[in-house]
Amino acid sequence: MCGIVGYIGSREASAVVVGGLKKLEYRGYDSAGMAVLAQNGHIELRRDVGKLSNLQATLATSPLAGHIGIGHTRWATHGAPSERNAHPHVSMNGRVVVVHNGIVENFATLRDELEAEGVVFESDTDTEVIVQMIERYLEAGEALETAVRHTLQQLKGANAVVVMSQDRPDTLLCARLGNAGGITLGLGQDEMFIASDIPAILEYTRQMIFLENRQIARLTRHSYEITDLDGRSVLPEIHQISWDPVSAAKGEYKHFMQKEIHEQPQSLIDTVRGRVDFENGRVHLPEMNLTPELAQRVQKLIIIACGTSYYSGLAGKFMFESIARLPTEVAYASEFRYYDPIVDAGTAVLAITQSGETADTLAACELAKQKGATLWSIVNAVGSQATRISHGYIPMQAGPEIGVASTKAFTTSLVDQYMLACALGELRGTLSPQRLRQLVDDLAQLPYLAGQVLEHDEEYEALAGLFFKAKNFLYLGRGINYAVAREGALKLKEISYIHAEGYPAGEMKHGPIALIDETMPVVCLATQDGLYDKMISQIQQAKARDGIVLAVATEGDEAIRVEADHVLYVPATPPLLSPVVNTIPLQLFAYYVAVRLGADVDQPRNLAKSVTVE
Ligand code: F6R
C-alpha cells in the first residue's frame, strides 16, 4: 500500500521518480506527489489529488529540476485524499521532506507533544509527525542520520520512510520498521534508487538489497551504508533480480490484467521448470528444506491467506488431504489471530501471499511461529518479508503481477500447493510410486490446457456483452471447484463493482435459492469430475427458478447444452488441477464485463495491490 520511489544520481530525478511511481500506481492512487532538491538548495514540491496522471500534468506545466528526489503514490489511511494530505510532507521550516508507507500508531501523542512545542501542522496525516520530529532534532544540532534514528526509535507501528534534507544534499535516507511494505534499494553505477517494489526500478538495475525490519540505509550517488536502528553496521545481501523489465510492462495489451491472464501458460511453465523431474516422476522444492523427519512430524496443516490467496488455499486443502493425507484447515489470515488457533510443534502453517507483504498474513505468520509451528510460505515477490521469516518457502514463478486483481498468482500458487503436496506425500509415504508418477505426469499438460482456454478469448468478450448490465451474479461450485466459484465471484465484483456471491452449490437450496429469478445469472462450475451429476441437479434447480445458467463444462459434454443457457468449454483436466483451468474463463469473463462497463480494470476503486495495513 502506497508506492515510494527515491533517486540520487546524475539523471533528472523527476523522470526516474515519476516513471517508477507509474509502475507502482497499483499500490495506491488517491494522490501522488514528488519533491526534489533544486539547484538553489531548497526543497521543491508538487502534489495532486487522484491518479498519477494529474501529477504528471502539473509537472508538465511546472517542472521540477534536480538530481535527487523522492515521490509517493498514496492509499489513504489517516486524512482524506486531498492535496494537503498528499505526500511528500515537508517540515515546518522546510529543511526536511519525507514520504511514508504504513501507520504511525502513536501519532496522536507525538503530534500533541510537537504542537505543545509550537510546531504547526499542515496536514491531517500521521506522516507529518515524522518529518516535524526530524526537523526538531536537526534544530537541536543533531546530524541528519542521528535525527532520523532518534525519530524512528519513537514511532510505534509498521512504517517505511524515505527522507531527504537540504542539510545533506548528497544523501537520501530510508528505513523500514516492521511489515509496512518493503523498501528495495537499487544499486546503479554512480546512482542509487529506492522503491517499495522491484518493477519501479527494474529498468535501471538488477542489483537490489531488501531492507530488513529496523534497518536504515544511507545512500549517496556512489555508496550505500546500512545500519540497524542503534547505528550498528549491517552487511546486506545483494540480490541479482532475474525478472525481465519487459514482463513488467503492458506491451500490446490494453490492461495489465489482460496481459497477466494471457501470461498464465508461461507462468505455469516457469512454475514447474526445474522443480518437476518428469523423467523420474519426482518433485524438488529446494527452498522448502523438507526432510522425511519433518514431513512425518507434521500432523496438521493450516493455510493462512487473504482474498484470492485464501481461495487458492481452499483448493489447496483438497490437494494436501488427497495427496499427502495431511489434515488441512484454511483460515483467513485476518481472523487467525483472533480465534485462539490450536497450533503446536506438530502443526505446519502455510502462508500464501503474492506480495509477501500483506500485514494480516505476516502478523498471522508471526503468531504461528510464536506458537511453535513450522512456517512455510508460497510467495511471488522476491525478497519479501514472508520468505524471510519462513522456515521453508516456494518462490512462485508468476513474474511481476501489476494488475490489482490477482490472476496468474492464483493459478501458479495452486500448482505450488500441488507440488508441495506431492513432495510431502512422497516423504510421508502416502503415495505409491505409480500415483506420484501419475500426479507428476498430469502437470506436464497443464500449461498447454491453460493456453487452449485462452484461445477462446473472443467468446468471453461476446458473453460479457450479454451480461454486463446484470446487477447480481451467483457463482456455484462443489468440492475443489467451490474455491473457483469464490475466486470467480471476487474477480467480477472487484473490477466491475457488480455484486457477486461465490457459494458451495449444495448450499444453494439452504438460502440463496430465494434470490434466483430471471434477472440472476448463475455461473456453475460443472466440469466432469466425481461431482458432475450433483452439479447438473443444481443447474436444474436454478433453471426451475428461471435463473440464467452459464456453465463451465468439459469439452465434448454436449448433454449440458440442454441444461444450461450458455456453456463455456474447457479442456478435460485431472480433478485436482481443474481449478487452474476452470478459473481462466471466469477471469476473462470478469475482465470483459469490466471493460464493457468502462471500469478502471487495473486500478479498481478503493483497492490496492499490497495491503500493508490491518
Ligand atoms: C484480489 C486480490 C486480493 C489479494 C489479497 C492478498 O484479486 O488481489 O484479494 O489476493 O489482498 O494479497 P497477497 O496475496 O499479496 O497476500
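The model shown is predicted, which means the values in this text are computed figures rather than measured ones.

**Focus on the packing of helix 7 (residues 264-272) against helix 13 (residues 408-428)**
Right, so step 1: Contact pair helix 7 / helix 13: the axes reach a minimum separation of 10 Å and the direction vectors enclose 30°. Accordingly, the angle class assigned to the pair helix 7 and helix 13 is roughly parallel. The element helix 7 and its partner helix 13 pack so that their crossing is right-handed. Of helix 13, the residues touching helix 7 (which contributes Q264, S267, L268, T271 and V272) are K408, T411, T412, V415, D416 and M419.
Right, so step 2: When its residues are assigned to classes, the contact of helix 7 with helix 13 shows four nonpolar, five polar and two charged.

**Topic: helix 17 (residues 481-496)**
Right, so step 1: End to end, helix 17 covers 22 Å across 16 residues, agreeing with the expected 22 Å (1.5 Å per residue, within 8%).
Right, so step 2: Within helix 17, 14 of the 16 residues are buried, which leaves it mostly tucked inside the rest of the structure.

**Re the nonpolar core**
Right, so step 1: Counting residues in hydrophobic clusters, the biggest one holds 92 residues, and the most contacted among them are W376, F473 and Y475.
Right, so step 2: Composition of this core by domain shows at least three residues from each of domain 2 (261-453) and domain 3 (456-596).
Right, so step 3: Sequence-distant contacts of F473, that is, excluding residues within four places in its chain, are made with F467, L492, I498, H499, A500, E501, M520, P521, V523 and F589.
Right, so step 4: Of all hydrophobic cores here, the second largest spans 30 residues; its members include F193, I198, A200 and M208.

**Examining the environment of N472**
Right, so step 1: Considering the arrangement of structural elements, one finds N472 in strand 22 (residues 472-477).
Right, so step 2: Here N472 falls in the partly exposed class, since its relative accessible area comes to 34%.
Right, so step 3: Linking N472 and I498, residues 26 residues apart in sequence, is a C-alpha distance of 6.2 Å.
Right, so step 4: Other than its neighbours up to four places away in sequence, N472 contacts I498, H499, T519, M520 and P521.
Right, so step 5: Looking at N472, its side chain comes within polar contact range of the side chain of H499, at 2.9 Å.

**A few points about the pairing of strand 8 (residues 172-177)**
Right, so step 1: With respect to burial, strand 8 is a largely interior element, six of its six residues being buried.
Right, so step 2: Neither face of strand 8 is left uncovered, since the one carrying L172, C174 and R176 and the one carrying L173, A175 and L177 both have all their residues buried.
Right, so step 3: With six bridges connecting them, strand 7 (residues 159-165) and strand 8 associate as antiparallel partners. Residue pairing in the sheet places A160 in a bridge with R176 of strand 8.
Right, so step 4: Counted between consecutive antiparallel strands, the loop separating strand 7 from strand 8 contains six residues.

**A word on the site of the ligand**
Right, so step 1: Surveying the vicinity of the ligand reveals 14 residues, the closest of which are S309, T353, S355, T358 and E494.
Right, so step 2: Within the side chain of E494, a nitrogen or oxygen atom sits 2.5 Å from an oxygen atom of the ligand.
Right, so step 3: Here the ligand, which alone exposes 410 Å², has 90% of that area covered by the protein.
Right, so step 4: Of the residues assigned to the shell around the ligand, the class counts are four nonpolar, eight polar and two charged.

**Description of the domain arrangement of the protein**
Right, so step 1: Assigned domains within the protein: domain 1 (3-250), domain 2 (261-453) and domain 3 (456-596).
Right, so step 2: In this structure, domain 1 and domain 2 have C-alpha centres spaced 34 Å apart.
Right, so step 3: Contacts between domain 1 and domain 2 engage 18 residues on the former and 13 residues on the latter.
Right, so step 4: Carbon and sulfur atoms supply 57% of the area that domain 1 and domain 2 bury against each other, a total of about 1,400 Å² over both sides.
Right, so step 5: Together, Y26, N179 and W243 form the three largest contributors to the area buried by domain 1 at its contact with domain 2, with a combined 41%.
Right, so step 6: Seen at the junction of domain 1 and domain 2, the total is one salt bridge.
Right, so step 7: Here E212 and R388 are joined by a salt bridge, their closest N and O atoms 2.9 Å apart.
Right, so step 8: Summed over the shared surface of domain 1 and domain 2, the result is two residue pairs in polar contact (both at pLDDT 80 or more).
Right, so step 9: Residues belonging to the side of domain 1 that touches domain 2 are distributed by class as follows: nine nonpolar, five polar and four charged.

The rules behind the values
Residues numbered from 1 in each chain as written. Predicted model: local features only at pLDDT ≥ 70, side-chain atom pairs only at ≥ 80, totals over all residues. Heavy atoms only, no water. Axes fitted to C-alpha atoms, helices over the stretch in contact; angles between N-to-C directions. Helix = DSSP H or I, 4+ residues; strand = E, 2+ residues; numbered from the N terminus. Parallel < 35°, antiparallel > 145°, perpendicular 65-115°, else oblique. Left-handed = near helix turned anticlockwise from the far one by under 90°. Contact = heavy atoms within 4.5 Å. Nonpolar A, V, L, I, M, F, W, Y, C, P; charged D, E, K, R; others polar. Expected span 1.5 Å × (residues − 1). Buried < 20%, exposed > 50% of the residue type's maximum accessible area, 1.4 Å probe, protein only. Core = buried A, V, L, I, M, F, W, Y, C linked by side-chain atoms within 4.5 Å. Domains from an automatic or database assignment. Polar contact = N/O pair within 3.5 Å; in protein donor to acceptor, adjacent residues only side chain to side chain. Pairing = 2+ DSSP bridges. Near = heavy atom within 4 Å. Areas by Shrake-Rupley, 256 points an atom, 1.4 Å probe, with all protein chains shown as cover. Buried area = accessible area lost by both parts, 1.4 Å probe. Salt bridge = Lys/Arg side-chain N within 4 Å of Asp/Glu carboxyl O.

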